[in-house]
Amino acid sequence: MDAVNPPVFIIPLWADLTAVALGGVQGALFASGFQGQRRLDLLGVAIIGILLGMGGGLIRDLLLGLTPATLQNNWYLITATVAALVGMLLSGLFQRLNRAIVMLDAVVIGLFGVFGTSKALALGLPAVPAVFVGVLAAVGGSVLRDVLMGLPVAIMHVGSLYAVAAGGGCAVVATASAFGVPLPIAAVIGLVVTTVVRVLAVIFDLSLPEQRKLYRRKVAVETTGIPIIRTDDDAAG
């Protein structure tokens, strides 16, 4: 890739807001699933949703030395807030749709990852640092969420392919761009790769070698906070 004439790429506002909205819904669903001493009030759930919706974009732009896009337009915070409220109000419905939540999680990772990598490449960063920026943008929101809630940082512990899925999609973006594929097309391909890898990892319990003995349901909960509806048989076991 020519660093002097980097590929032109501007994240469409609607696409960036879509990532923020999906992240806000996901964060609110995660926070709404806690019970007992970790149970959050309405404000706490909203804050987690907003943080997850905006965290990836904030980390991406700060790493790139830019004024965060999320702070230059009113719609980012408005979208994240509304999405968090929607996720909170509809948490009961979403918690019964585990497959939809897995897909939502995968798409959120993919969007923040490919946007981060594409923006870094457009600014002239080499491929490897650009992939690094994309991965941090993809997982950054969940890291901030876990730190704020006092939880173990999910990506550093047992779990199915989370950061790996993001890294794969980001690497595809960088590789395709290096071979002359326009960045918007490369970003779409990278999004598909991340989503497929992440969904398959959850469905087939794919994980790093030292983690293969974990149960898939436990992996899903610890990695993404997907609410699990426990049956009477589960409680007895």
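Residues numbered from 1 in each chain as written. Predicted model: local features only at pLDDT ≥ 70, side-chain atom pairs only at ≥ 80, totals over all residues. Heavy atoms only, no water.

An unreviewed UniProt entry annotates the chain as Membrane protein of Microbacterium testaceum. As stated in UniProt under Subcellular location (unreviewed entry), the record for the chain gives "Cell membrane". What UniProt states about the chain under its Sequence similarities (unreviewed entry) heading is, verbatim, "Belongs to the UPF0126 family." (UniProt positions renumbered as here; feature names shortened; annotations may be inferred.)

### A closer look at the side chain of threonine 70
Residue placement: threonine 70 occurs in the loop between helix H2 (42-63) and helix H3 (74-89). Given a relative accessible area of 4%, threonine 70 falls into the buried group. (Helix = DSSP H or I, 4+ residues; strand = E, 2+ residues; numbered from the N terminus. Buried < 20%, exposed > 50% of the residue type's maximum accessible area, 1.4 Å probe, protein only.)

### Concerning the environment of leucine 64
By secondary structure assignment, the location of leucine 64 is in the loop between H2 and H3. On a C-alpha basis, the gap between leucine 64 and valine 133 in space is 8.0 Å, while along the polypeptide they are 69 residues apart. The residues touching leucine 64, leaving out its near neighbours within four places in the chain, are Lys119, Ala120, Leu123, Leu125 and Val133. (Contact = heavy atoms within 4.5 Å.)

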